[in-house]
Amino acid sequence: MKKLTGSQRTMAWMARQKAKGLCAACNLIAVDGWYCARHKLQNALGCRNRYRTRVGIPLDAPKGTRAKGSHEIQQPKINRNLT
Ligand SMILES: [Zn+2]
């Protein structure tokens, strides 16, 4: 069998845990596919924080804060006809 790198080994272990019906971060019973109730919440917050960092929303903004649409962001005006 091919030797796995560190993160590949972790993902393989998480997949085995999921197949057994256990949480992918601890050994409790999974409630919704991958994670137990505690780690499901932790994962959701992590996903939210990663999204907020990417689109520029402060992490402590209230629940449901949305990113500005592309029409509201001032794009720099570039004349694309000039080469
Ligand atoms: Zn867990």
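A brief look at the structure comes next. (Residues numbered from 1 in each chain as written. Predicted model: local features only at pLDDT ≥ 70, side-chain atom pairs only at ≥ 80, totals over all residues.)

1. Some remarks on the overall build of the chain
Helix and strand content of the chain: two helices and zero strands. Out of the 83 residues in the chain, the part that is buried amounts to 4%. Contacts in the chain between residues far apart in sequence, at least 24 positions, make up 0% of those at least 6 positions apart. (Helix = DSSP H or I, 4+ residues; strand = E, 2+ residues; numbered from the N terminus. Buried ≥ 20, exposed ≤ 12 C-beta atoms within 10 Å, placed from the backbone. Contact = placed C-beta atoms within 7 Å.)

2. As for the environment of Cys-36
Within the element layout of this structure, Cys-36 appears in the loop between helix 1 (6-20) and helix 2 (37-55). In this structure the C-alpha to C-alpha distance between Cys-36 and Ala-25, which are 11 residues apart in sequence, comes to 8.3 Å. If we ignore the near neighbours within four places in the chain, the residues touching Cys-36 are Cys-23, Cys-26, Leu-28, Ile-29, Ala-30 and Val-31.

3. Some remarks on helix 1
An ideal rise of 1.5 Å per residue puts 21 Å on 15 residues; helix 1 measures up with 21 Å between its terminal C-alpha atoms. Of all 15 residues making up helix 1, only zero are buried, and the element is barely covered by its neighbours. (Expected span 1.5 Å × (residues − 1).)

4. Structural notes on helix 2
Over its 19 residues, helix 2 runs 27 Å from end to end, which matches the ideal 27 Å to within 8%, given 1.5 Å per residue. Gly-56 occupies a position one or two residues after helix 2 and carries a positive phi of about 85 degrees.

All quantities given are derived from atomic positions and should not be read as evidence of function.
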